[in-house]
Amino acid sequence: MVTLLPVQIEGHTVMAVEVKLPKTNLVALYTDRGYIMCGALDVGLLNEKLAERGILAGRAVGVRSVSDLLEAPLESVTIEAEKQGIHAGMKGRDALLRMI
């Protein structure tokens, strides 16, 4: 099952996507500029193979829901995210606010 829903963060709307798969859930939150995602996101691939795209993204591990992803510290971020002041250890919600 795939769920798409708007989420309010400090008066801004971001979109959440949850994909329920056997034995796992994929969770992502995105803005027009970038996104954060569960541990399935391969930040190394984005930084190395897709560097020319300048993707603004972050990864949090151990999350199972949208609310988890908002509160979890990011485990890793892309080079482009670092340029925007987003860093590992930052809560998901704070990273999204920098992506608005």
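None of the values given here were measured: they were computed from a predicted structure.

Turning next to the pairing of strand β3 (residues 24-30). Sheet topology note: the strand β2 (residues 12-21)/β3 ladder contains 7 bridges and is antiparallel. Its bridge partner being in β3, Leu 21 is matched across the sheet by Thr 24. Hairpin remark: β2 followed by β3, antiparallel, with 2 residues in the connecting loop; positive phi at Lys 23, about 70 degrees. Bridge analysis of β3 against strand β4 (residues 34-37) gives 3 bridges, and the strand direction is antiparallel. If you follow Ala 28 over to β4, its bridge partner there is Met 37. As consecutive antiparallel partners, β3 and β4 are separated by 3 residues.

Here the focus is the environment of Val 19. Position of Val 19 relative to the elements: it lies in strand β2. Each C-alpha atom of the pair Val 19 and Val 7 lies 16 Å from the other, and the pair is 12 residues apart in sequence. If sequence neighbours within four positions are ignored, Val 19 has contacts with Met 1, Val 2, Thr 24, Asn 25 and Leu 26.

We now examine the side chain of Thr 78. When you line up the elements, Thr 78 lands in the loop between β6 (76-77) and α3 (79-83). When its relative accessible area of 1% is taken as the criterion, Thr 78 is described as buried. Looking at Thr 78, its side chain comes within polar contact range of the main-chain oxygen of Ile 55, at 2.7 Å. Setting aside residues no more than four positions away along its own chain, Thr 78 makes contact with Val 43, Leu 46, Asn 47, Ile 55, Leu 56 and Ala 57.

Below, the discussion takes up the side chain of Thr 31. Topologically, Thr 31 is positioned in the loop between β3 and β4. A distance of 3.0 Å separates the side chain of Thr 31 from the backbone nitrogen of Arg 33, its partner in a polar contact. Those residues in contact with Thr 31 that sit more than four places away from it in its chain are Val 14, Leu 96, Met 99 and Ile 100.

Here the focus is the pairing of β2. Pairing of strand β1 (residues 2-9) with β2, which is carried by 8 bridges, proceeds in the antiparallel orientation. Each bridged residue has a counterpart across the sheet, and for Pro 6 the counterpart in β2 is Met 15. Here β1 folds back onto β2, and the loop between the two strands holds 2 residues, one of which, Glu 10, carries a positive phi near 45 degrees.

The biggest cluster of nonpolar side chains holds 31 residues, and the ones touching the most others in it are Val 7, Leu 29, Ile 36, Ile 86 and Leu 96. When contributions to this core are tallied by element, the ones reaching two or more residues are β1, β2, β3, β4, α1 (43-48), β5 (56-59), α2 (66-71) and α4 (92-98).

So, how was this worked out
- Each chain has its residues counted from 1, following the order in which its sequence is written.
- Per-residue local features are limited, in this predicted model, to residues with pLDDT of at least 70; the limit for side-chain atom pairs, both in listing and counting, is 80 or more; totals at the level of whole chains, interfaces and linings are taken over all residues.
- Excluded from the side-chain calculation are hydrogens and water; included are all heavy atoms of the structure.
- DSSP-based pairing: two strands are paired if at least 2 bridges between them are found.
- Numbering goes from the N terminus for both helices and strands, where a helix is a DSSP run of H or I of at least four residues and a strand is a run of E of at least two.
- Residues count as neighbours in contact if any of their non-hydrogen atoms are within 4.5 Å of one another.
- Each residue's exposure class comes from its accessible area (1.4 Å probe, protein chains only) as a fraction of the maximum for that residue type: buried when under 20%, exposed when over 50%, partly exposed otherwise.
- Two N or O atoms form a polar contact when they lie within 3.5 Å of each other; inside protein one atom must be a possible hydrogen donor and the other a possible acceptor, and for residues adjacent in sequence the pair counts only when both atoms belong to side chains.
- Residue types Ala, Val, Leu, Ile, Met, Phe, Trp, Tyr and Cys, when buried and joined through side-chain atoms within 4.5 Å, form a set referred to as a nonpolar core.

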